[in-house]
Amino acid sequence: MVEPSKRTRSTKKKKVRTPGGKTVTHFGRKKSGKAECGLCSKNLSGVATGTATAMKNTAKTKKMPSKPYAGVLCPECLDSLMRYQTRIEAKFSSEDLSDLDIRRDLRLEKYLPRGWYEDASAGKVKKKAVKSKPVKKAEAKPKSPKKTVKKKTAKKKAGAKRKSPKGAKKK
Ligand SMILES: [Zn+2]
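The structure displayed is predicted, hence computed values, not measured ones.

Draft legend 1. Up close: the environment of S80. Inspection of the secondary structure assignment puts S80 in helix α3 (residues 75–93). Residue S80 is classed as partly exposed on the basis of its C-beta count, with 16 C-beta atoms lying within 10 Å.

This is the structure:
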(Lines give C-alpha, C1' and ligand atoms only; values in the text may rest on other atoms or scores of the structure.)
Protein backbone atom coordinates (compact mmCIF):
# COMPACT_ATOMS: atom_id res chain seq x y z
CA MET A 1 0.00 0.00 0.00
CA VAL A 2 1.10 3.54 -0.80
CA GLU A 3 1.91 6.14 1.84
CA PRO A 4 -1.32 7.68 3.19
CA SER A 5 -0.24 11.17 2.12
CA LYS A 6 0.28 9.96 -1.45
CA ARG A 7 -3.16 8.36 -1.80
CA THR A 8 -4.78 11.74 -2.36
CA ARG A 9 -5.90 12.87 -5.81
CA SER A 10 -4.84 16.46 -5.16
CA THR A 11 -1.24 15.66 -6.13
CA LYS A 12 -0.08 15.36 -9.70
CA LYS A 13 1.56 11.99 -10.45
CA LYS A 14 4.31 11.69 -13.00
CA LYS A 15 5.95 8.42 -14.01
CA VAL A 16 9.71 8.74 -14.50
CA ARG A 17 12.13 6.08 -15.70
CA THR A 18 15.28 6.09 -13.57
CA PRO A 19 18.79 5.29 -14.93
CA GLY A 20 18.53 1.87 -13.24
CA GLY A 21 15.58 0.99 -15.48
CA LYS A 22 12.87 1.27 -12.83
CA THR A 23 9.70 3.32 -13.35
CA VAL A 24 9.07 5.54 -10.35
CA THR A 25 6.11 7.85 -9.75
CA HIS A 26 6.99 11.41 -8.77
CA PHE A 27 4.43 13.37 -6.78
CA GLY A 28 4.04 17.07 -7.46
CA ARG A 29 1.62 19.91 -6.87
CA LYS A 30 -1.24 20.62 -9.24
CA LYS A 31 -1.26 23.90 -11.17
CA SER A 32 -4.40 25.96 -11.47
CA GLY A 33 -6.06 25.97 -14.88
CA LYS A 34 -5.91 28.95 -17.22
CA ALA A 35 -8.56 31.61 -16.70
CA GLU A 36 -11.28 31.57 -19.35
CA CYS A 37 -13.85 34.12 -20.47
CA GLY A 38 -17.24 33.44 -18.95
CA LEU A 39 -19.07 33.93 -22.24
CA CYS A 40 -16.83 32.65 -25.06
CA SER A 41 -14.39 30.53 -22.95
CA LYS A 42 -11.38 32.21 -24.58
CA ASN A 43 -8.15 32.17 -22.55
CA LEU A 44 -7.75 35.42 -20.62
CA SER A 45 -4.42 37.22 -20.77
CA GLY A 46 -2.84 38.89 -17.76
CA VAL A 47 -4.23 36.42 -15.24
CA ALA A 48 -1.46 34.52 -13.46
CA THR A 49 -1.57 30.74 -13.03
CA GLY A 50 0.57 28.31 -11.03
CA THR A 51 0.62 26.20 -7.92
CA ALA A 52 -1.19 27.34 -4.79
CA THR A 53 2.06 28.23 -3.01
CA ALA A 54 3.38 30.11 -6.05
CA MET A 55 0.17 32.14 -6.24
CA LYS A 56 0.36 32.90 -2.51
CA ASN A 57 3.84 34.37 -2.93
CA THR A 58 3.08 36.52 -5.99
CA ALA A 59 1.92 40.12 -5.62
CA LYS A 60 -1.75 40.95 -5.99
CA THR A 61 -1.01 43.38 -8.82
CA LYS A 62 0.83 40.68 -10.78
CA LYS A 63 -2.03 38.22 -10.49
CA MET A 64 -4.86 40.23 -12.06
CA PRO A 65 -5.16 43.36 -14.25
CA SER A 66 -6.85 46.29 -12.49
CA LYS A 67 -9.78 46.62 -14.86
CA PRO A 68 -13.50 45.97 -14.49
CA TYR A 69 -14.41 42.34 -15.22
CA ALA A 70 -10.72 41.34 -15.20
CA GLY A 71 -10.42 37.57 -14.97
CA VAL A 72 -14.12 37.21 -15.81
CA LEU A 73 -14.72 38.42 -19.37
CA CYS A 74 -12.50 38.89 -22.43
CA PRO A 75 -12.26 42.43 -23.94
CA GLU A 76 -14.61 41.56 -26.83
CA CYS A 77 -17.34 40.20 -24.55
CA LEU A 78 -16.91 43.12 -22.13
CA ASP A 79 -17.38 45.49 -25.07
CA SER A 80 -20.63 43.79 -26.08
CA LEU A 81 -21.80 43.83 -22.45
CA MET A 82 -21.14 47.58 -22.10
CA ARG A 83 -22.91 48.27 -25.41
CA TYR A 84 -25.92 46.22 -24.30
CA GLN A 85 -26.03 48.02 -20.94
CA THR A 86 -25.94 51.51 -22.43
CA ARG A 87 -28.49 50.63 -25.12
CA ILE A 88 -31.02 49.31 -22.61
CA GLU A 89 -30.45 52.24 -20.24
CA ALA A 90 -30.83 54.74 -23.09
CA LYS A 91 -34.02 53.05 -24.28
CA PHE A 92 -35.78 53.55 -20.95
CA SER A 93 -34.25 56.89 -19.96
CA SER A 94 -35.00 58.99 -23.07
CA GLU A 95 -38.34 59.24 -24.88
CA ASP A 96 -36.74 59.52 -28.34
CA LEU A 97 -35.14 56.10 -28.05
CA SER A 98 -38.15 54.32 -26.50
CA ASP A 99 -39.02 52.83 -29.93
CA LEU A 100 -35.73 50.91 -30.08
CA ASP A 101 -36.31 47.20 -30.55
CA ILE A 102 -33.68 45.50 -28.39
CA ARG A 103 -34.10 41.92 -27.27
CA ARG A 104 -33.30 41.18 -23.69
CA ASP A 105 -30.11 39.09 -23.50
CA LEU A 106 -29.99 37.13 -20.26
CA ARG A 107 -26.65 35.61 -21.27
CA LEU A 108 -25.05 39.07 -21.01
CA GLU A 109 -27.26 40.31 -18.18
CA LYS A 110 -25.86 37.58 -15.94
CA TYR A 111 -22.73 39.74 -15.52
CA LEU A 112 -24.60 42.91 -14.51
CA PRO A 113 -25.60 43.66 -10.89
CA ARG A 114 -28.74 42.03 -9.57
CA GLY A 115 -31.90 44.02 -10.23
CA TRP A 116 -30.21 46.13 -12.89
CA TYR A 117 -32.93 45.56 -15.53
CA GLU A 118 -35.69 46.47 -13.08
CA ASP A 119 -33.89 49.74 -12.22
CA ALA A 120 -33.18 50.48 -15.89
CA SER A 121 -36.77 49.81 -17.01
CA ALA A 122 -38.04 52.11 -14.23
CA GLY A 123 -35.59 54.81 -15.37
CA LYS A 124 -33.72 54.77 -12.05
CA VAL A 125 -30.30 54.38 -13.64
CA LYS A 126 -30.28 57.84 -15.22
CA LYS A 127 -31.15 59.50 -11.90
CA LYS A 128 -27.98 58.13 -10.36
CA ALA A 129 -25.91 59.74 -13.11
CA VAL A 130 -27.60 63.09 -12.49
CA LYS A 131 -26.83 62.85 -8.78
CA SER A 132 -23.14 62.42 -9.47
CA LYS A 133 -22.93 65.69 -11.42
CA PRO A 134 -23.39 68.09 -8.45
CA VAL A 135 -20.54 66.30 -6.70
CA LYS A 136 -18.24 67.30 -9.55
CA LYS A 137 -19.37 70.92 -9.20
CA ALA A 138 -18.60 70.82 -5.48
CA GLU A 139 -15.16 69.52 -6.31
CA ALA A 140 -14.63 72.39 -8.74
CA LYS A 141 -15.45 75.06 -6.13
CA PRO A 142 -12.43 74.53 -3.84
CA LYS A 143 -10.16 75.02 -6.85
CA SER A 144 -10.84 78.78 -6.95
CA PRO A 145 -9.51 79.47 -3.39
CA LYS A 146 -6.37 77.53 -4.32
CA LYS A 147 -5.76 79.96 -7.17
CA THR A 148 -6.03 82.92 -4.78
CA VAL A 149 -3.56 81.22 -2.46
CA LYS A 150 -1.14 80.89 -5.36
CA LYS A 151 -1.56 84.60 -6.13
CA LYS A 152 -0.85 85.50 -2.52
CA THR A 153 2.34 83.52 -2.53
CA ALA A 154 3.30 85.17 -5.80
CA LYS A 155 2.73 88.58 -4.21
CA LYS A 156 4.87 87.59 -1.24
CA LYS A 157 7.63 86.52 -3.59
CA ALA A 158 7.34 89.81 -5.43
CA GLY A 159 7.55 91.65 -2.10
CA ALA A 160 10.67 89.73 -1.21
CA LYS A 161 12.20 90.69 -4.53
CA ARG A 162 11.37 94.36 -3.88
CA LYS A 163 12.97 94.22 -0.46
CA SER A 164 16.26 92.91 -1.72
CA PRO A 165 17.06 95.89 -4.02
CA LYS A 166 16.33 98.23 -1.10
CA GLY A 167 18.94 96.40 1.00
CA ALA A 168 21.36 96.76 -1.87
CA LYS A 169 20.77 100.50 -1.95
CA LYS A 170 21.50 100.81 1.81
CA LYS A 171 24.86 99.14 1.36
ZN1 LIG B 1 -15.30 36.36 -24.33
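Draft legend 2. Structural context of the pairing of strand β1 (residues 11–17). Within β1, only zero of the seven residues are buried, which leaves it mostly out in the open. With seven bridges joining them, β1 and strand β2 (residues 23–29) adopt antiparallel strand pairing. The residue of β2 that forms the bridge with K13 is F27.

Draft legend 3. Expanded view of α3. For α3, with 19 residues, the first-to-last C-alpha span of 27 Å sits near the 27 Å given by 1.5 Å per residue. Taken residue by residue, α3 has L81, I88 and E89 as its buried positions. Taken down its axis, α3 places every buried residue within 95 degrees of arc, on the same side. With respect to the buried face of α3, the exposed residues turned more than 90 degrees away are E76, D79, R83, T86 and R87.

Draft legend 4. Seen up close, unusual backbone geometry. Of note in this structure, S41 is not a glycine but carries a positive phi near 55 degrees. Among the structural elements, S41 can be located in the loop between β2 and α1 (52–57).

Criteria and cut-off values
Residues numbered from 1 in each chain as written. Predicted model: local features only at pLDDT ≥ 70, side-chain atom pairs only at ≥ 80, totals over all residues. Helix = DSSP H or I, 4+ residues; strand = E, 2+ residues; numbered from the N terminus. Buried ≥ 20, exposed ≤ 12 C-beta atoms within 10 Å, placed from the backbone. Pairing = 2+ DSSP bridges. Expected span 1.5 Å × (residues − 1). Arc of directions from axis to C-beta.

It is worth stressing that arrangement in space is one thing and function is another; only the former is reported here.
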